[in-house]
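Report on the structure
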Amino acid sequence: MEPGDAAERSSTLGVDDAAVGALLGKVQRVAVVGVSDRFTRPSFRIAAYLLDRTAWTVDLVNPHVVETLGRLCAPTLADVPAPDLVVVFRAPAAWDAVVDDAAAVGAAAVWLPSGVADADTTARTVARARAAGLTAVADRDVRAEHRRWCA
């Protein structure tokens with residue numbers, strides 16, 4: 001195994017392929033926190049994919065965006081029904097708050113974006129999520145994993 005490859009990151013964070021597949025197989029409702037109204041942003045593209053290519057109910061959350069992808073955005077997670085999965089598109093400095101909010105609303109899992117935080121920040125946030133009783137996935141592309149496990 002090469003340093004930094006997906007298998008090493010997964011084992012470091014304690015998330016294996018089977019757990020990701022099992023999680024995605026149970027999802028019925030997802031909240032995209034930090035969704036953008038700009039089509040060039042990854043959050044916009046991922047939300048569009050989830051809306052168009054999954055059977056999931058998708059709630060869009062961003063206090064600074066009124067509408068995107070033809071849907072109204074909720075200002076906070078507390079303003080949408082409890083999701084099975086919270087897909088996070090916020091800066092790493094806000095991840096702890098999103099994890100706390102996800103736990104408070106009864107979410108089952110959080111999915112942290114890949115390539116935006118250092119390994120220590122990601123590991124700390126994953127540990128915080130798990131301590132709060134949430135399943136946490138990091139350093140994986142939710143769209144690619146959905147295609148792999150659910151398509």
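The structure displayed is predicted, hence computed values, not measured ones. (Residues numbered from 1 in each chain as written. Predicted model: local features only at pLDDT ≥ 70, side-chain atom pairs only at ≥ 80, totals over all residues. Heavy atoms only, no water.)

1. Describing the pairing of strand S5 (residues 85-88)
Put simply, side chains in a regular strand alternate between the two faces of the sheet. Under the convention used in this document: Relative accessibility thresholds used throughout: buried, under 20% of the residue-type maximum; exposed, over 50%; partly exposed, between the two (1.4 Å probe, protein chains only). Helix numbers and strand numbers start at the N terminus; a helix is a DSSP run of H or I with at least 4 residues, a strand a run of E with at least 2. Only strands joined by at least two bridges in the DSSP assignment are considered to pair. By convention a crossover is right-handed if, when the strands point away from the viewer, the path from the first strand over the helix to the second runs clockwise.
Of the two faces of S5, the one carrying Leu85 and Val87 and the one carrying Val86 and Val88 are both buried. Note: strand S1 (residues 29-33) against S5, 4 bridges, orientation parallel. Paired with Ala31 across the bridge in S5 is Val86. Pairing between S5 and strand S6 (residues 109-111): 3 bridges, direction parallel. Within the sheet, the bridge partner assigned to Val87 lies in S6 and is Trp111. With helix H4 (residues 95-105) bridging S5 and the parallel S6, this β-α-β connection has right-handed handedness.

2. A word on H4
Basically, it comes down to this: This arc is built from the directions going out from the helix axis to the C-beta atoms. We call two residues contacting when some pair of their heavy atoms lies within 4.5 Å.
Inspection of H4 places Trp95, Asp96, Val98, Val99 and Ala102 among the buried residues, and these make up the whole buried set. In a view along the axis of H4, the buried residues occupy a sector of 160°, so they form one face of it. Against S1, S5, S6 and helix H5 (119-131) lie the buried residues of H4. Phi for Gly106, located one or two positions after H4, is positive at around 90°.

3. Re the confidence of the model for the protein
Defined as follows: For every residue, the pLDDT score states the predictor's confidence, bounded by 0 at the bottom and 100 at the top.
Mean pLDDT over the protein: 91, with 91% of residues reaching 70 or higher. Within the model, the stretch residues 1-12 combines pLDDT values under 50 with 8 contacts to residues more than four positions away or in other chains.

4. Concerning the side chain of Asp59
Note the threshold: Definition of a polar contact: a pair of N or O atoms within 3.5 Å, with one able to donate and the other able to accept a hydrogen when the atoms are protein atoms, and with sequence-neighbouring residues admitted only if both atoms are side-chain atoms.
In this structure, Asp59 sits in strand S2 (residues 57-61). At a separation of 2.6 Å, a polar atom in the side chain of Asp59 contacts the side chain of Arg29. Filtering out sequence-adjacent residues up to four positions away, Asp59 remains in contact with Arg29, Val30, Ala31, Val32, Val80 and Pro81.

5. Structural notes on the sheet that holds S6
Threshold: An axis is simply a line fitted to the C-alpha atoms; with a helix, the fit covers only the stretch in contact. Between two such axes, the angle follows the N-to-C directions and lies from 0 to 180 degrees.
Read across the sheet, 5 strands follow the order S2-S1-S5-S6-S7 without closing on themselves; strand pairing throughout is parallel. Strands with a single pairing partner mark the edges of an open sheet, and in this sheet they are S2 and strand S7 (135-137). Taken over all neighbouring pairs, the strand axes of this sheet differ in orientation by 20° on average, direction set aside.

6. A short note on the side chain of Thr54
Considering the arrangement of structural elements, one finds Thr54 in the loop between helix H3 (42-53) and S2. Its relative accessible area of 13% is what places Thr54 among the buried residues. A distance of 2.5 Å separates the side chain of Thr54 from the backbone oxygen of Leu50, its partner in a polar contact. In terms of polar contacts, Thr54 uses its side chain to reach the backbone amide nitrogen of Trp56, at 3.3 Å.

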